Structure formats: structure tokens, C-alpha cells
Amino acid sequence: MADSRFSSHIAMLLTISTTYSPATDLGYLLHKHPARMQSFGLAFGQAHVFYPEARTEKCTAALLLDVDSVGLVRRPQGQFAENFALAQYVSDRPYVASSFLSVAIARVFSSALSGKCKDRPQLAETEIPLSARLSILPCRGGEKLLRRLFEPLGYTITAERHTLDAQFPEWGESRYFTVTLENTCRLSELLTHLYILIPVLDDEKHYWVGEAEIEKLSKHGKDWLTAHPEQESIVRRYLKHQRSLTREALAQLREEDVQETAETVQAQEEQLEERIGLNEIRLATGTEILKKSGAKRVLDLGCGEGKLLRKLLAEKQFEEIVGMDVSHHVLKIAQQRLHYDQLPEQQKKRLHLFQGSLGYRDKRLTGYDAAAVVEVIEHLDMSRLSAFERILFEFTCPQTVVLTTPNIEYNVKFENPHAGNFRHKDHRFEWTRDEFQSWAASITKRFGYTVTFHPIGPEDENVGPPTQMAVFTRKIDE
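The following paragraphs examine the structure supplied in this document. Residue numbers restart at each chain and count upward from 1, following the sequence in its written direction. Where local features are concerned, this predicted model is filtered to residues with pLDDT of at least 70; where side-chain atom pairs are given and counted, the filter is 80 or more; whole-chain, interface and lining totals use all residues. As a rule here, side-chain values cover all heavy atoms of the structure and leave hydrogens and water aside.

**Let's talk about helix H4 (residues 99–108)**
When a residue's accessible area, from a 1.4 Å probe over protein chains only, is under 20% of the maximum for its type it is buried; when over 50% it is exposed; and in between it is partly exposed. Numbering goes from the N terminus for both helices and strands, where a helix is a DSSP run of H or I of at least four residues and a strand is a run of E of at least two. Of all 10 residues making up H4, 7 are buried, and the element is well covered by its neighbours. Residues Ser-99, Phe-100, Leu-101, Ser-102, Ala-104, Ile-105 and Val-108 constitute the buried set of H4.

Structure follows, in C-alpha cells:
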């Protein structure tokens, strides 16, 4: 369709189609009438919405983004301007799906993005068959990254890669794809995924990235990003590889996940294990081993609601006790249950609580004699385990580490194990005794520790104890 409002150059095009019956209900969801074309002024150009087809059987809405090329020359930003001297004159920004498109989605489809539909509220909550087609999508990471980002969200992907120049095939393929994404989901979910993941694939943003972007990421990613296998990669790219922002965003996302599960995790695990008083045995044994180590300054990593901290506070030997957890919410509960505000001043000086992640190096953790990591590692994704190992044993490197984790072999003795035979649904893995000892042996070889193993709870001759404890002791340099 021709219209004087469209410039003569190629523009970025996104189409969204559905075969939901009646398909024209897509107009209600997008708050854009199929019989009208609408245009919206943006800081960098114009966005146009129109419907190439609007039938009962199938309806397609198109978002055409017309970026002002002259405006880009006048205010170059981003890695293209920084790394490419001719970026002002040679740029793909007006033609490809990028952060410009994300801004347009938020501006033009704001109600649909937030899941609101004034006329048909039930429709906004309905999963319908949807197909989104991006005419030119840059993928810095290729089709493999494209699939790693969208397939875990349930999408079927069709991707056609473009050559750099059809007249010169020897130049090879470009980073640009024409992509179709198909899924049965709520329209708000599709728009949210596009809003976040398009600039992630492009690995660039046209505007300054600051703390406000963390809020956007948390708002639009809270329902799916916490469990996404590419969470760290998505956050890092979305925040333009700024380490401090990435770290803060990941901590917030994981805190949200912890807030939802921490209390239920503890309650369910304790209910499962209360018959044998397992948690109390774990904490008492851990405290006794820390005392025997001679430690005076102790870390409780993944301290949760502070049950081990209470035991450590009762022992005068420990002059400084630190509790660290990824969740501010859980730390507040720990503070309340320890009655921190009512503690004598001398006790307050001994105890410190702070938020932090076991996935990142933290200077605050250095210089301590011992660390306790009680029922924590099984909540880590296996992909993050190696980072945890280095942070604890290479960078923090306390003289003594007391670490416990479930023995999966013992789970047959519990009445109601969870899916996958894990002790709790939030566990990412659980180890057999051989697996745990093999892992511990690898730690001793790589980081210069020795290790001893201690059964926690009643030990069965066939399946062993319910909890496995390893005590690592750093070798003294001769």
C-alpha cells in the first residue's frame, strides 16, 4: 500500500498474525482498529500500524518503523559510533529490528504489552495462536543464539539467513535473518519477549543504559526470565555488558525468585525431614565443627532466615559472624527472627548481614577463617557451579569450609519425594554419595584443600545418611 507518509527508503517491519476465531479480535488486543491506519511520532522517526489482512479466519497487524536517518547522523550513539569511523554515514539502524523497535512496541502497543484490554479483559488472558515475523533481525551470535533465547519460551522458529551481497556470494553470510516466531500464548507474552530479546540479539541499544533499564528488565522479565537458561547472557547483553548493572539486575531477579520460594522451600523441606530432626542435626554438627576448627571470623553463605547464625551467636569463640544471602527479603526475616534491634550492643558488633550472590566475586568475603554453606549448592544451576567453586575456594579461600547437601539415595525413605525424585522442586540437582565425593575430590586437587566426610542424620546401611557433609581444610603452604 502506498502512502505519502512513508519515506522512500526501506523501513523496519514487524507483523503479528493470528488464526484465533474470530481473528479480528487481534484489533481489540492491540487497541488498533483493523480498518484504520495510525501513525505515531517518535523521537527518532515515525511508527505506522496497519492491517494487511483482517479476516475472520486470519488477521495480521503490521508495525512499520520509519527511522529518521538524518537524525541518527546528528546524534550518533552506541558501539557503532564508537567503533566505526563511518558509522554516521553507513548504518543499518533504519532497516533492522533493534532497540528502536522495542521503544516503538512500548509506545504504540503499551496496553497490549502490559496485558490490558479494556473491552475484552478475558481475551487478554487467553492463549491464542500467534505468529510474529521480523523482516530483518540482526543476530550477533547467529541462529544458535536465536534458538537458545526463544525455544525455551515455547516458540517454533523459522529463520532465513541473508548473504552479505547476492552479487558477491564469496563474501559469505551476514548476521541478518528474516525470522518467524510461532507460539500459542498471550499476546502480552509475545510482545514482552520481543521487547526484551530483540535488543539482546542485536547486542546494542541506541540510548544510554542506566539503572532505569534494570527496572524495565525486572518489570517485563519477572514472569519468565528468572527461570530462563540464558538468563545471564540476556541480562548482560540487555545492559550493554555493564558489569555493575548486570550484577545488580541478576541479584534482583534471583531475589524475586527466592522471595517466591524461600519460605515454602524451607517449610516443605523441614516437613519432609522433621521426623528425624535433620535440620537441627545439620546445624548442631556444623557449629561444632566450626568451633573445633578454631575459627574466630565466620561466614554463613546462603544464610536464609538465620537459624545457623543464631547458634553461632551463642558461641563466644566467634568474634565476627557474617550472614550473606541473595534475597533482601530473606535477610529481613533473619534480622527479625534474630531480634537484631534488641541485641546488646556487643552482640550487634559481632553480627553483620548483607545481600550478595554466590555467583560473583565479592571483596567483602575475603579474610575470614571459616565458611558454612548449608543446603545451598543444590539450589544453584549446574552451569553456575564452577563460578561458585572459584568464588568460595579460590577467591574467598577460608581456612575451613563446612558444606552440606542432600544425599539423593536416601530419598527413597521419604514418603513424598518431588518430581525428579529431588527433595524439593527448587533443587537443581542432588548427588549420590559417590558423586558428592568425586566433586569434593576435584575441589581438593584444584584449590589446595583436604576434605573429610561426615554423615548427617540416621545412616542406612544401603542408602547412607540423609545429608552429606564435607569439611574442607586449606593446606598450609610449606
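Moving on from the model shown.
**Some thoughts on the nonpolar core**
Take the buried residues of types Ala, Val, Leu, Ile, Met, Phe, Trp, Tyr and Cys, join any two whose side-chain atoms come within 4.5 Å, and each joined set is a nonpolar core. Residues Leu-63, Leu-65, Phe-150, Leu-187 and Leu-194 are the most contacted members of the largest nonpolar core, which totals 70 residues. In terms of residues, this core owes the most to one element, helix H8 (residues 187–202), which gives 10 residues. The contact criterion used throughout is that any non-hydrogen atoms of two residues lie within 4.5 Å. Beyond its immediate sequence surroundings of up to four residues, Leu-63 is in contact with Met-12, Leu-13, Leu-14, Ala-47, His-48, Val-49, Leu-101, Ala-104, Ile-105, Val-108 and Phe-109. Grouped together as the second largest cluster of nonpolar side chains are 29 residues, Leu-358, Tyr-368, Leu-380 and Leu-385 included.

**Comments concerning the side chain of Ser-174**
Residue placement: Ser-174 occurs in strand S7 (residues 173–185). At a separation of 3.1 Å, a polar atom in the side chain of Ser-174 contacts the main-chain amide nitrogen of Tyr-176. Beyond its immediate sequence surroundings of up to four residues, Ser-174 is in contact with Arg-161, His-162, Thr-163 and Leu-164. Any pair of N or O atoms that falls within 3.5 Å is considered a polar contact. Within protein, one atom must be able to donate a hydrogen and the other to accept it, and sequence-neighbouring residues count only if both atoms are side-chain atoms.

**Re the sheet that holds strand S3 (residues 45–54)**
Strands pair, by our definition, only if DSSP identifies at least two bridges between them. Strand order in the open sheet formed by 7 strands is S2-S3-S4-S1-S5-S7-S6, and the pairing between neighbours is antiparallel. Strands at the two margins of the open sheet, each flanked by one partner only, are strand S2 (38–42) and strand S6 (156–163). When strand polarity is set aside, the average angle formed by the axes of neighbouring strands in this sheet is 15 degrees. One ladder, built from 8 bridges, connects S3 with strand S4 (residues 59–67); its direction is antiparallel. Residue pairing for S4: Ala-47 is matched across the bridge by Leu-65. Axis lines are fitted through C-alpha atoms, for helices just across the contact stretch, and the angle between N-to-C directions can take any value from 0 to 180 degrees. Of the strands in this sheet, strand S1 (12–18), S2, S3, S4 and strand S5 (128–138) touch H4, which is tilted by about 125 degrees from S4. Its contacts with the sheet place H8 against S1, S5 and S7, and it is angled at close to 20 degrees to S5.

**A look at the side chain of Glu-375**
In this structure, Glu-375 sits in the loop between strand S11 (370–374) and helix H16 (385–396). Judged by its relative accessible area of 11%, Glu-375 is buried. A polar contact is formed between the side chain of Glu-375 and the side chain of Arg-282, at a distance of 3.5 Å. Side chain to side chain, Glu-375 and Thr-404 meet in a polar contact 2.6 Å long. Residues within four places of Glu-375 in sequence aside, it is in contact with Arg-282, Thr-404, Thr-405, Pro-406 and Thr-467.

**What to know about the packing of H8 against helix H10 (residues 231–238)**
Remark: H8 packs on H10, axes separated minimally by 8 Å, with the N-to-C direction vectors making an angle of 80 degrees. With respect to H10, the axis of H8 lies roughly perpendicular. When H8 is examined against H10, the residues Tyr-195, Ile-196, Leu-197, Pro-199, Val-200 and Leu-201 are found in contact with a partner set consisting of Ile-234, Arg-237 and Tyr-238. Charged means Asp, Glu, Lys or Arg here, nonpolar means Ala, Val, Leu, Ile, Met, Phe, Trp, Tyr, Cys or Pro, and polar covers whatever is left, Gly included. Split by residue class, the contact of H8 with H10 holds 8 nonpolar, no polar and 1 charged. Roughly parallel refers to an angle under 35 degrees, roughly antiparallel to one over 145, roughly perpendicular to one between 65 and 115, and oblique to any angle outside these ranges.

**Considering the packing of H16 against helix H17 (residues 433–447)**
The interhelical angle for the contact between H16 and H17, taken along N-to-C directions, is 50 degrees, at an axis separation of 11 Å. In terms of orientation, H16 and H17 fall into the oblique class. The handedness of the crossing between H16 and H17 is right-handed. Contacts between H16 and H17 involve Leu-385, Phe-388, Glu-389, Arg-390, Phe-393 and Glu-394 from the former and Trp-439, Ile-443, Arg-446 and Phe-447 from the latter. Residue composition of the contact of H16 with H17, by class: 6 nonpolar, no polar and 4 charged. For any helix crossing, the convention is left-handed if the near helix is rotated counterclockwise from the far helix by under a right angle, and right-handed if that rotation is clockwise.

**With respect to unusual backbone geometry**
The omega torsion of the bond from Ser-21 to Pro-22 falls at -5 degrees, within 30 degrees of zero and hence cis. Checked against the element boundaries, Pro-22 lands in the loop between S1 and helix H1 (26–30). One non-glycine residue, His-31, lies in positive phi territory at about 60 degrees. Within the secondary structure layout, His-31 lies in the loop between H1 and S2. We classify His-31 as partly exposed; its relative accessible area is 34%. Positive phi outside glycine occurs at His-339, with the angle close to 50 degrees. Following the sequence through the fold, His-339 ends up in the loop between helix H14 (328–337) and helix H15 (345–350). For His-339, a relative accessible area of 47% puts it in the partly exposed group.

**Some words on the packing of aromatic side chains**
Here is the rule: rings of Phe, Tyr and Trp (six-membered ring for Trp) pair when centre to centre is within 6.5 Å. Planes less than 30 degrees apart are stacked, more than 60 are edge-to-face, and the remainder are tilted. As enumerated under the stated definition, the model contains 11 aromatic pairs in all. Aromatic side chains Phe-393 and Tyr-449 sit 5.3 Å apart centroid to centroid with 80 degrees between the ring planes, which places their arrangement in the edge-to-face category. Of this pair, Phe-393 sits in helix H16 while Tyr-449 is found in strand S13 (residues 449–456), placing the two residues 56 residues apart along the sequence. With relative accessibility at 2%, the residue Phe-393 sits in the buried group. On the basis of an interplanar angle of 70 degrees and a centroid distance of 6.0 Å, the ring pair of Phe-436 and Phe-453 is categorised as edge-to-face. Of the two residues, Phe-436 is situated in helix H17 and Phe-453 in strand S13; the sequence distance between them amounts to 17 residues. Residue Phe-436 is classed as buried on the basis of its relative accessible area, which comes to 1%. On the accessibility criterion, Phe-453 (35% relative accessible area) is partly exposed. Grouping aromatic residues by their ring pairs yields a cluster made of Phe-393, Phe-429, Trp-431, Phe-436, Trp-439, Phe-447, Tyr-449, Phe-453 and Phe-472.

**Some points on the sheet that holds S11**
The 7 strands are arranged S10-S9-S8-S11-S12-S14-S13 in an open sheet whose pairing can be described as mixed. Of all strands in the sheet, those with a lone pairing partner are strand S10 (351–355) and S13, marking the two edges. Each adjacent strand pair in this sheet contributes to an overall mean axis angle of 15 degrees, direction not counted. Here 5 bridges tie S11 to strand S12 (residues 400–406), and the two strands are oriented parallel to one another. By the bridge assignment, Ala-372 is partnered in S12 with Val-402. Sitting on the sheet, H14 is in contact with strand S9 (320–325) and S10, with an inclination near 160 degrees to S10.

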